[in-house]
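Structural description and commentary
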Amino acid sequence: MRYLALDCESRGPKAVNARSQSTLLTHISWWNEHGDGEVVPFLHGRCHESWESVPEWDSNKGLVRAMASPNVTKLFWNAKYDLLMFKKSNVKVRGPIIDVMLVARILHTAERTGTYTLKHFARKLLGYLYTEETKLKKWISMQKRAKLDASYGAAPRRINGPYALLDAKATFELFWMFKSTIESPSVRALLKREHKVLRTTMEMEDRGLLIDNSLTLDLMASCSKEMQRVRGEIADATDSPEFNPNSSQQVAKQFFTIPKRNPVSISPGGLPSTDKVAMLILRDHYEDPLAQTILDWRKVYKARGTYLKKFLEDTDSNGVLRGSFNQSGTRTGRFSSSGPNLQNITRPGKSPSERLRECFIARPGFAFICMDYNQIELRLGAHFSCCKSMLEAISKGEDLHGVTARRMFNVKPTDPDWKTKRQISKTLNFAILYGIGLEEFRNTMIRESEMYFSLLDSSRFIRRYKEVHPEIVAYFDEIKIESTKTGGVTNPYGRFMEVPRHKQYVGVNYKIQSTAADLIKERMTLCRDILKPTMSGLVMICHDELVFEMWRDDMHLLPQLKQTMEELSRFSVPLTVSVSGGERWGKKRELLLEDDINHPCYDGLSILKHGY
C-alpha cells in the first residue's frame, strides 16, 4: 500500500473548529488503492499512547502501522483540520502527506471561493449523488428540533458510517484523478511550497496571539456605552425607540420609503442597498445626518460583537487566541483569516472601536516585529507593464501615489487639495490594476475617501489616469491576448489561473496578486526555517505584512529576516519591506535596523519600549 486516504468525523457544539476544546474525534474513515476501506470508531478518553489500547482498534493494527509509516503517503481533504484532530487526540501520523484540497485549488482556479469542498468536487468530477448525506441531514434536523447534539460524529454508525466512508473514498478518487497532473514539474513545485506553507501556518496557529483581557474588557465597556449613546440618537432621529439599526429592511424603509427617495443602488437580493457606500451617498449627496449615525452604530457594533467579544470567548486559559489562516483563501492563493478575520480589523485610531489592535500583546520578554512589503502589488504592476513613470519613481524612492497625483492633476504637496488628490490617485493606482468598472471604482472611491464622487467625476479620473499611464492600458491588451490563447494567465512562480472570456480584465489582477502571494508564501517558509531553532516565531499574516513574536535575544536575526523577505533582483523593481516593532500590535514604531541594533542603549527590547 502506497497511498491511504483519511477523514475525521467529530462531535461537539463547535465541531467545525478543530481547536475547540469541545470538539472530539469520534470516527476515522480510510480508503486505499486496493479499493478497501472502513469506518473505525474512536473512543475519546480511552486512547493513550496507542490506539491498540482501544478494543475497537484490535482489527486495525495494520491501519495504525500505515499511518505511522514513512513509506505510505497520507491523503486528506483539508489536512489542517484532520491533523489538528489527530494531534489533540494523541493519534500519531508520520510520513508524507498530500492535501487534495490544495491540489484542487491549484488545478481548478475558476471555482467560486466557497465551493472548494469535498462534496462539490465529488459531485462535479466523480458524479457522486451523496444520498448518504441526505439521510445524515435528516437525522441532524431531528436532533436540532429535539435540541440534542446534531454534529456529524454524534450520529448512529448506521447513518454516519456510509457517509464517512464515502468521504475517504472520494478523497482518494479525486487524488487519483489529479495524480498525473501533480507529477508535472510546475504543479509539483507549487504543491511542495503549499505543503511547506501548511506546516508553517499550523505552527503559527499553534503559537497563537496573547490577548490583553483587561484592555479588552475596558474597550467592551466603552463600546457598550458608545452603542447606548448612538442608539439614543437613532431613536430620536427616527421617532422610534424600537427601530433596529441592524435590520437592513428597517434601514431601507427609513431612507427610501418614508422620504420617497430612489434607492442609491440595488443589493444582490433585489432590495435597496444600505451598505457603507449607500450611507455615504445619503450623508453627502442627500445631506441626511442619520446616515452618519447609522455608520457610527455599525462601526462600534462590529468592534464589540465581531472582535472584542470573540477575543474574550475564544481565548484559552492562558489568554491566547488561535485564529484560523486559510492559505488559499482566494483564487490567487492569497491568505484569508477567520475566527476572527484579522484582515478586516480596524486600523489604529483614538476611539474605542479603533483600538482593537492594541489588544494583541507580545508575551513577556518578547516583542512584535512587523515586516510589511512596500506597495508590492503596485511595484509588480510597474514591473509587468513596464510603466516608465512608475519605474522611475520607484528607482528614485518617490511616493508612487504622489507621482500619479502630480501627473494627473498638476498639484504639489504644498497645495491645499493635495491630500484629496493623492487619495484619488492612490485609489486609481490599485483600482485600475484590479480591473474594476466605472461604478465599482466610484463606490471604492467613496468608501476609501468617505467623500461623494459622481460617476461623471469617476469617468474623468479613469480617462486621465490612462492618459498619463498608457503602458498599463497596453498591458491589459497583452493579458487579453495571453488569456485568449491559453484560457488564463501564468505567474512567474508557475501558478496558472483560469480567466473567463467575459471577464478578461481580471487577468492583470490575477497575475499581480498571485505573484505577490507566492512570493510571500515562499519567504514566510524561509523565515520559519531561520527561527525554528529559536524561541521566536511567526504569529500572524495580515495582507502583505508578516508579524513575528521575537525573543529579546533573537533580535540580532532581524536583518537576516528582512534580507530573506526582500526580493531585489528577480523583478525590474526591488520588492522591499518596512520594519516596525512594539509590544502591542496596535502601537508600533518604525525600526531602522542597522541604527537601532547598533545603538549603545540597545538591549533587545529597550528600543521598542523607550524609542531610542
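Provided above is the structure to which this section pertains.
I will try to describe carefully the structure that is included in this document.

Each value, and the rule that gives it
- Residues numbered from 1 in each chain as written.
- Predicted model: local features only at pLDDT ≥ 70, side-chain atom pairs only at ≥ 80, totals over all residues.
- Heavy atoms only, no water.
- Helix = DSSP H or I, 4+ residues; strand = E, 2+ residues; numbered from the N terminus.
- Rg over C-alpha atoms; globule rule 2.2 N^0.38 Å.
- Buried < 20%, exposed > 50% of the residue type's maximum accessible area, 1.4 Å probe, protein only.
- Areas by Shrake-Rupley, 256 points an atom, 1.4 Å probe, with all protein chains shown as cover.
- Lys, Arg positive; Asp, Glu negative; His and termini not counted.
- Charge placed at Lys NZ, Arg CZ, Asp CG, Glu CD.
- Salt bridge = Lys/Arg side-chain N within 4 Å of Asp/Glu carboxyl O.
- Pairing = 2+ DSSP bridges.
- Axes fitted to C-alpha atoms, helices over the stretch in contact; angles between N-to-C directions.
- Parallel < 35°, antiparallel > 145°, perpendicular 65-115°, else oblique.
- Left-handed = near helix turned anticlockwise from the far one by under 90°.
- Contact = heavy atoms within 4.5 Å.
- Nonpolar A, V, L, I, M, F, W, Y, C, P; charged D, E, K, R; others polar.
- Phe/Tyr/Trp six-rings, centres within 6.5 Å; stacked < 30°, edge-to-face > 60°.
- Lys NZ or Arg CZ within 6 Å of the ring centre and 35° of its normal.
- Polar contact = N/O pair within 3.5 Å; in protein donor to acceptor, adjacent residues only side chain to side chain.
- Expected span 1.5 Å × (residues − 1).
- Patch = residues over 30% accessible without salt bridge, like charges linked within 9 Å, V, L, I, M, F, W, Y side chains within 5 Å.

A few words now on the overall build of the protein chain. Counting secondary structure elements, the protein chain contains 22 helices and 17 strands. Its C-alpha atoms give the protein chain a radius of gyration of 27 Å, near enough to 25 Å, the size a compact globule of 612 residues would have. Judged by the C-alpha coordinates and their principal axes, the protein chain covers about 80 × 60 × 60 Å. Across the 612 residues in the protein chain, those meeting the buried criterion constitute 52%. When the accessible area of the protein chain is evaluated, it comes to approximately 28,600 Å², of which 50% is carbon and sulfur surface. With 90 positive and 73 negative side-chain charges, the protein chain shows a separation of 3 Å between the mean positions of the two kinds.

If you walk through the whole model with that rule in mind, you get 36 salt bridges. Residue Arg422 is joined to Asp399 by a salt bridge in which the shortest nitrogen-to-oxygen separation is 2.8 Å. Placement of Arg422 in helix α15 (residues 418–434) and of Asp399 in the loop between α13 (388–395) and α14 (400–409) is noted, with a sequence separation of 23 residues between them. Assessed through its relative accessible area of 31%, Asp399 is described here as partly exposed.

On to the pairing of strand β17 (residues 587–590). Two strands pair when backbone bridges link them, and strand β16 (residues 577–584) and β17 are joined in this way by three bridges, in the antiparallel orientation. Counted as the bridge partner of Arg584 is Lys587 from β17. Linking two consecutive strands that pair antiparallel, namely β16 and β17, is a turn of two residues.

Here we come to the packing of helix α3 (residues 100–107) against helix α6 (residues 157–182). One way to put it is that α3 packs onto α6 with a least axis distance of 10 Å and a crossing angle of 50°. Judged by the angle between their axes, α3 and α6 are oblique. As α3 packs across α6, the resulting crossing turns out to be left-handed. Between α3 and α6, the residues in contact are Val100, Val103, Ala104 and Leu107 and Thr171, Leu174, Phe175, Phe178, Thr181 and Ile182, respectively. Taken together, the residues of the contact of α3 with α6 sort by class into eight nonpolar, two polar and no charged.

In contact at an axis separation of 9 Å, helix α8 (residues 213–238) and helix α11 (residues 289–314) are set at 155° when each is read in the N-to-C sense. On the basis of their axis angle, the class for α8 and α11 is roughly antiparallel. In this structure, the crossing between α8 and α11 has a hand that is left-handed. Class assignment of the residues belonging to the contact of α8 with α11 gives a composition of 17 nonpolar, five polar and six charged.

Before going further, it helps to examine the sheet that holds strand β2 (residues 24–32). The strand order across the open sheet built from five strands is β3-β2-β1-β4-β5, with neighbouring strands paired in mixed fashion. Only two strands of the sheet have a single partner each, and these edge strands are β3 (37–41) and β5 (97–99). The mean angle between the axes of side-by-side strands here comes to 25°, regardless of whether they run parallel or antiparallel. Relative to β3, β2 is paired through five bridges, and the arrangement is antiparallel. Paired with His27 across the strands is Pro41, a residue of β3. Strands β1 (3–11), β2, β4 (73–76) and β5 of the sheet are contacted by helix α2 (residues 79–88), whose axis makes an angle of about 70° with β1.

Taking burial as the measure, the eight residues of strand β11 (residues 366–373) include seven buried ones, the bulk of the element. As paired elements, β11 and strand β15 (residues 545–551) share seven bridges and run antiparallel to each other. The residue of β15 that forms the bridge with Cys370 is Val547. Looking at chain direction, β11 and β16 are connected through six bridges and run antiparallel. The residue of β16 that forms the bridge with Met371 is Val579.

This brings us to the packing of aromatic side chains. Counting across every chain of the model gives 19 aromatic pairs. The interplanar angle of 40° and the centroid separation of 5.7 Å between the aromatic rings of Tyr116 and Phe121 together place this pair among those described as tilted. Each member of the pair, Tyr116 as well as Phe121, is classed as buried. Among the aromatic residues, those joined into a ring-pair cluster are Tyr3, Phe172, Phe175 and Trp176. Over the face of the ring belonging to Trp176 we find Lys179, whose NZ or CZ atom lies 5.5 Å from the ring centre. One residue, Lys421, lies across the ring of Phe409, its end atom 4.7 Å from the ring centre.

Our next topic: α2. Burial analysis of α2 places eight of its ten residues in the buried class, the great majority of the element. Three or more residues of α2 are buried, namely Ala79, Lys80, Tyr81, Asp82, Leu83, Leu84, Met85 and Phe86. Looking one or two residues beyond α2, the residue adopting positive phi is Asn90, at roughly 60°.

Turning our eyes to something else, we now look at the side chain of His27. Looking at the element boundaries, His27 is found in strand β2. Given a relative accessible area of 9%, His27 falls into the buried group. Polar side-chain contacts of His27 include one of 3.0 Å to the side chain of Thr26. Residue contacts for His27: discarding those within four places in its chain leaves Asp7, Cys8, Glu9, Val39, Val40, Pro41, Phe42, Gly153 and Asn160.

In this section: unusual backbone geometry. Most peptide bonds adopt trans geometry, and most residues besides glycine take a negative phi value. The omega torsion across Gly339 and Pro340 is -5°, close enough to zero to call that bond cis. Tracing the backbone shows Pro340 in the loop between β9 (336–338) and β10 (360–361). A positive phi angle, near 60°, is found at His543, a position not held by glycine. Looking at where His543 falls in the secondary structure, it is placed in the loop between β14 (537–542) and β15.

Tracing the backbone shows Asp218 in helix α8. Classification of Asp218 by relative accessible area gives partly exposed; the value is 47%. Placed 145 residues apart in sequence, Asp218 and Arg363 show a C-alpha to C-alpha distance of 20 Å.

The next subject is helix α19 (residues 506–531). The end-to-end C-alpha distance of α19 is 37 Å, a good match for the 38 Å that 26 residues give at a rise of 1.5 Å each. For α19, the buried fraction is high: 23 of the 26 residues fall into the buried class.

Taken together, Lys192, Lys196, Arg199 and Lys532 make up a surface patch of like positive charges. Mapped onto the elements, Lys192 comes out in helix α7 (residues 185–207). Its relative accessible area of 56% is what places Lys192 among the exposed residues.

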